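Residue-level structure breakdown
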Amino acid sequence: MKKFLSLTLILMLTFSAASADDFFDNYMGVEHAWDGQKPITNQEFEKAIDVLQANQKKKEAKQKKKKIKKISGGGTSLHSDLSPNGEIQTQAPLTKKKEGQLLNIPVDTVLDNNKILERGFYNVYAKKEDGKIYLYFYQSQYLMGKVRAYETDEDFDADTIDFVKYEFINDNCMKILFGSLDYNAYAYLMFYNE
């Protein structure tokens, strides 16, 4: 066993010496590695350092800007009109409409008191009487009829605050939708299908 161990040890030392020679042969030219290098002047060295520092400063400025944007939202990132330097636009105050709202009724309808409201254009007003809302239909200065309406919180997907429109429920009934600054209401009108 001692012979085997000593033989293995001798073989390992021989191979390691051979591989060490190869290792050092590759680095024999290390002392000549700097030959052919151009010497750098102090001015060139300072320029190189300035360029590196400028790049570092740009990077730091970008990071700082990102952090500020995260905190403040970036000023104009949400909407272009919300720029901190922009002009604040004033909005006209909301006022009640006094002239009514124009509605074209395409069919002859029957009002609450069995009065016929002929097809045509009507200015529609809404008034509250005795706790109930009524829709008044005018042509010029003449009252053509009124109908009981029901107040609601729904805005009927209208684009404006003041509106009046209709929609057909079935072949004999239509719904008048009215909206104003004061309240929204709806009424049902029956009509005869001809």
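Refer to the structure presented above.
Everything numeric here is computed off the predicted structure, so don't read it as measured data.

To continue, consider the overall build of the chain. In terms of regular secondary structure, the chain is built from 2 helices and 9 strands. What you see in the chain, going N to C, is helices and strands ordered as α-α-β-β-β-β-β-β-β-β-β. Sorting the 194 residues of the chain into buried and exposed places 20% on the buried side.

Scanning the entire structure with this criterion turns up 7 aromatic pairs. Note on Y150 and Y186: the rings are 5.8 Å apart at their centroids and 40° apart in plane angle, and the pair reads as tilted. On the criterion of sequence distance, the pair formed by Y150 in strand β6 (residues 142-152) and Y186 in strand β9 (residues 184-191) is long-range, its members being 36 residues apart. The exposure class assigned to Y186 is partly exposed, which follows from its relative accessible area of 23%.

Here we come to the side chain of S180. Summarising the element assignment, S180 is placed in the loop between β8 (173-179) and β9. Residue class for S180 comes out buried when judged on its relative accessible area of 17%. Not counting residues up to four positions away in its chain, the partners in contact with S180 are Q101, I161 and D162.

Locating F137 in the fold gives a position in strand β5 (residues 132-139). Between the C-alpha atom of F137 and that of G100, which follows or precedes it by 37 residues, the distance is 9.4 Å.

Among the nonpolar cores identified, the biggest contains 22 residues, and L135 and F137 are the most heavily contacted of them. Those elements that provide at least two residues to this core are β1 (101-105), β4 (120-129), β5, β6, β8 and β9. Looking at this core element by element, the count peaks at 4 residues for β9.

Turning our attention to the pattern of salt bridges. In this structure the tally under the stated criterion is 3 salt bridges. The partner of D108 in a salt bridge is R119, and the shortest N-O contact between them spans 3.7 Å. Of the two residues, D108 is situated in the loop between β1 and β2 (109-110) and R119 in the loop between β3 (116-117) and β4; the sequence distance between them amounts to 11 residues. Overall, R119 belongs to the partly exposed group, its relative accessible area being 47%. The residue E151 makes a salt bridge to K128 at a minimum N-O spacing of 3.4 Å. Separated by 23 residues along the polypeptide, E151 in strand β6 and K128 in strand β4 bring together distant segments of the chain. Since its relative accessible area comes to 45%, E151 is described here as partly exposed. Classification of K128 as partly exposed rests on a relative accessible area of 47%.

Conventions we followed
Residues numbered from 1 in each chain as written. Predicted model: local features only at pLDDT ≥ 70, side-chain atom pairs only at ≥ 80, totals over all residues. Heavy atoms only, no water. Helix = DSSP H or I, 4+ residues; strand = E, 2+ residues; numbered from the N terminus. Buried < 20%, exposed > 50% of the residue type's maximum accessible area, 1.4 Å probe, protein only. Phe/Tyr/Trp six-rings, centres within 6.5 Å; stacked < 30°, edge-to-face > 60°. Contact = heavy atoms within 4.5 Å. Core = buried A, V, L, I, M, F, W, Y, C linked by side-chain atoms within 4.5 Å. Salt bridge = Lys/Arg side-chain N within 4 Å of Asp/Glu carboxyl O.

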